[in-house]
Amino acid sequence: MRIPLLNLTLLISLFIQAQQIQISGTVFTKSGQPLRGATVRLLDTDSTQRAVSLVDSIGHFILKNIKIKEGILSVCHIGFFENNKSFSSDSLNSDYSFIMEEKSIALDEVIIGVNKKSDGRWIFILSPEQRRRSYTGYDVISNLMLPGVSVDKRTQSITMLGTELPVYIDGHRASTRELLALRKHEVEQVDFYDFPIGRFTGDMAAINIIIKKTSGGHTSFDGEESFGKAIGQYNIVSKYSKNHYTWALWTGLSHQSIIDEEKLTESYATNPDILQRLQENTIKKKEEHYYIQSSLSYTKKDNIMMIRPGLNYTVPHNYNLGLLKENNVTDLQTAINSKSKIISPSIFSYGYFRLSPKQSIEVSIDGLYSNNHLNRSFLEGNERGKVTAVEKLFRLNATTSYTQTFNNSSTFSVRLHQYYKNSHTKYEIENFSVPQHLHSYEGILFAGYNQSITKNIMYRIQLGGSLMSYRLNEYKKVVKVNPRFNMALLFQKREQYSAQIGLNIGNTFPNINTLNETSYKLNAITYTKGNPHLKVSTLISPFSAYTVKLGKIMLNAKLNYLYIIDPVISDYKLRDNYLIKSYKNNGYWHDFKSEIGASWKVFPTMEIRANINNYYTAHYPSHTSIFTLFGKNAINFTLGDMYFETSLTTPYKTLSFALERRKTPWTYSLTTGYVHGAFQAEINAYNLLFHKQNIDRNIDVPVYQQLQTTTSLQTHQYASLRLSYTFNYGKKTNKAPSYTRQATESAILQ
């Protein structure tokens, strides 16, 4: 394995020491009053924040130890339009005077649009009402009602058009744990990039949360427990900053114990007759998760360094008990018992270094070791089967990037991503031992350039390629080299609209648990089997988006089309009257998604958001497809120390690569909360008026048909109570740079 993380660093060894300069100025309203408390930020030409200050009681501000030679001074205050001024090395020591224009109604709008040469983003500032309703980072993003962005706080997911939306904190990729630990008093503003550039180049869209730069610390305790279903979590977050150092600690546990009801009808095209199986099952799902993470970061001038070790321990246990009828004659008792144990120590390190006022380099290394255990057994009448697997998985991800800005506000960047995985698994199947060794490597190199053509038009282009290789046991090593390409064109006007079109060309690697030559029984007549000969799939995706702001209303429209050549799909075959479920590269995948959405701030204390979505997904030559039209809406309301939230999603359909059509029913939630000082209480209710809400799954291929009806956590009726308290000491704390927790990975065949 080669991971040339330092190659790029060795090519950039010149350090240019700039003169430290001071910037001062004044900020007044049009009526001549000093605007005390306004935030003054110094941005580099690549939109990186270099310094920040607050305006004092007489309207003055000062920024010290400035090292950059050109950039943008940005002044903002709730109730006023943002004011920006550019500067160069010839005028760095001049005083800057800002006259702020007041909006027609103070706090009338939370959305402040910004457009400048190297920046295409919308700026969102939390109003007092939105800040009161928030506790975690997920609450912050949900309450801002970003156009086209869906936040599910139960599953802790943030998506756009059904695809995960990356979230950053001060320019660094945030994890689930970091967003859960983020507290509302830390947030200065939220930038929404519908045209990502700079650090965010390569993302379809991105959210960047800007953190207040203060010192001190806090410790927060929170616990949540549900009624109707045994689901809960308890967390302790402690953070302290002093001088250039920030220390943070997370620890906690979560648990769940839920019962699902399932009806499963299956038809097998066996010889000589069709075999039909009808099952009614009760599925008990239990899981316990424990974690501890700590980080230490050092920030001084233009350099950031951070290290974060962590440990996760997870024990999922599923028990399925039911009755089976074959051809409406035989009654058999069935049972499936599946238990896993996952222990994952990890370590993450990050460094950001400013080589000169216009050059920077970022390096991150993310390593994980996972010890995974699977123990699965089934019973159908007199038929029994058992499989155990023990896996030792090592994963190392590394990223190196270099950015250069130019006098015309254009930016050139080079980014190298490297992903390495090594899995050793030992299966025990029906008293036979089956060892398996899989290692894979993927390297992606991108060179990108973005520039403003005119005041309102900007383009972005990326060229690169990827090297993919993997080898399973003694099979021949598979190596693939593919080109990658990304381009987009943006039209925008400050505080009014943003429109873009673009194209992405890339490829995707098969999941490591599908690259598998192992097979074992799932039930009396079904085997699961991997495929060590899977190929790389090619992806082509054109897209377009439009966002417009009309007073209190923000409208958005998005179109996205994904075309996949040789997608990895499930393969169903009959062999000796047994069904074999495996994987194969086959055909073409079409995925068209569109959305029209609106966010409306009716009053300073009330906001409404509504989206209409249309999905069409199809696979050929199997001619499996779905078409769905559905809506989502949310209403947030604040009354003193109380707040109320409601959300509703209409039924919708999806199609998976298993060729499974899935229909999700109506879902809704109601939230009531109370905030007083450092104490917060929140009651959440889910689907209380809906009874027997089912998720339907359907598979229809020549040799096998399946219809499955299940009640799941997503459709269960239950309520939860969350209590939290935060102790602040010293001044309010700042945020450590980045703490990334990855989901547990495994090459074990499921």
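Everything numeric here is computed off the predicted structure, so don't read it as measured data.

Trainee: Help me understand the packing of aromatic side chains, please; the structure alone is not making it clear to me.
Mentor: Aromatic rings in a pair are described by how distant their centres are and how their planes are angled relative to each other. All chains considered together, the criterion is met by 17 aromatic pairs. Arranged with centres 6.0 Å apart and planes meeting at 85°, the rings of F221 and F727 form a pair that is edge-to-face. Of the two residues, F221 sits in strand β17 (residues 216–227) while F727 sits in strand β46 (residues 718–729), which places them 506 residues apart along the sequence. For F727, a relative accessible area of 43% puts it in the partly exposed group. Centre to centre, the rings of Y449 and Y459 are 6.2 Å apart; their planes meet at 50°, and the pair counts as tilted. Taken as a pair, Y449 in strand β26 (residues 432–452) and Y459 in strand β27 (residues 457–472) lie far apart in primary sequence, ten residues in all.

Trainee: Which parts of the structure should I look at to understand the environment of S622?
Mentor: By the secondary structure assignment, S622 is in the loop between β37 (606–620) and β38 (624–639). For S622, the side chain forms a polar contact with the side chain of H619, separated by 2.7 Å. Here the side chain of S622 touches T624 through a polar contact of 3.1 Å, side chain to side chain.

Trainee: What is the right way to look at the pairing of strand β39 (residues 642–649) in this model?
Mentor: For a regular strand, the rule is simple: side chains alternate between the two faces of the sheet. Here β38 pairs with β39 via eight bridges, running antiparallel. Among the inter-strand pairings, N636 is bridged to a residue of β39, identified as E645. As consecutive antiparallel partners, β38 and β39 are separated by two residues, and within that stretch G640 has a phi angle of approximately 65°, a positive value.

Trainee: What's the story with the sheet that holds strand β10 (residues 150–152) in this structure? I'm lost.
Mentor: Across a sheet, paired strands are connected by hydrogen bonds in the backbone, their directions being either parallel or antiparallel. Taken in spatial order, the three strands make up an open sheet running β10-β11-β12, and their pairing is antiparallel. What marks the edges here is a single partner per strand, and that holds for β10 and β12 (163–164). Both strand β11 (residues 157–160) and β12 contribute to a ladder of two bridges, which runs antiparallel. Among the inter-strand pairings, T159 is bridged to a residue of β12, identified as E164.

Trainee: Where do I start with the environment of A658 in this structure?
Mentor: Structurally, A658 is set in the loop between β40 (652–655) and β41 (660–664). A residue is classified by how much of its surface remains accessible, and A658, at 24% relative accessible area, is partly exposed. The contacts of A658, once residues within four sequence positions are left out, are S570, Y572 and I699.

Trainee: So what exactly am I meant to see when it comes to the confidence of the model for the protein here?
Mentor: Segments scoring low in pLDDT should not have their predicted coordinates read at a detailed level. Taken residue by residue, the protein gives an average pLDDT of 82. The fraction at 70 or more is 88%. Across the protein, β40 holds the top mean pLDDT of 95, while strand β8 (residues 111–116) sits lowest at 34. In the predicted structure, residues 104–118 sits below a pLDDT of 50 and forms 58 contacts with residues beyond four places in sequence or in another chain. A low-confidence stretch, residues 732–744 (pLDDT under 50), is modelled with 70 contacts involving residues beyond four sequence positions or located in other chains.

Trainee: Where do I start with the sheet that holds strand β2 (residues 39–43) in this structure?
Mentor: Taken in spatial order, the four strands make up an open sheet running β3-β2-β5-β6, and their pairing is antiparallel. Either end of the sheet is taken by a strand with one partner, and the two such strands are β3 (49–54) and β6 (83–87). The sheet shows a mean angle of 20° between the axes of neighbouring strands, taken without regard to direction. Across five bridges, strand β5 (residues 71–76) lies against β6 in antiparallel orientation. Following the sheet pairing, I72 is matched in β6 by S86.

Trainee: What is the right way to read the nonpolar core from this model?
Mentor: As a rule of thumb, nonpolar side chains are buried together in soluble globular proteins. Membership of the largest hydrophobic core comes to 27 residues, with the highest contact counts inside it found for I141, V149, I158, I207 and I209. Going through the elements one at a time, β9 (119–124), α3 (137–144), β11, β13 (167–169), α4 (176–181), β15 (187–193) and β16 (206–211) are the ones with two or more residues in this core. With four residues, α3 is the single largest residue contributor to this core. Residue contacts for I158: discarding those within four places in its chain leaves Y138, I141, V149, S150, V151, T163, E164, L165, V167, L179 and I207. Among the nonpolar cores identified, the runner-up in size contains 19 residues, and V40, A51, I66 and M100 belong to it.

Rules behind the numbers
- Residues numbered from 1 in each chain as written.
- Predicted model: local features only at pLDDT ≥ 70, side-chain atom pairs only at ≥ 80, totals over all residues.
- Heavy atoms only, no water.
- Phe/Tyr/Trp six-rings, centres within 6.5 Å; stacked < 30°, edge-to-face > 60°.
- Helix = DSSP H or I, 4+ residues; strand = E, 2+ residues; numbered from the N terminus.
- Buried < 20%, exposed > 50% of the residue type's maximum accessible area, 1.4 Å probe, protein only.
- Polar contact = N/O pair within 3.5 Å; in protein donor to acceptor, adjacent residues only side chain to side chain.
- Pairing = 2+ DSSP bridges.
- Contact = heavy atoms within 4.5 Å.
- pLDDT = per-residue confidence, 0-100.
- Axes fitted to C-alpha atoms, helices over the stretch in contact; angles between N-to-C directions.
- Core = buried A, V, L, I, M, F, W, Y, C linked by side-chain atoms within 4.5 Å.

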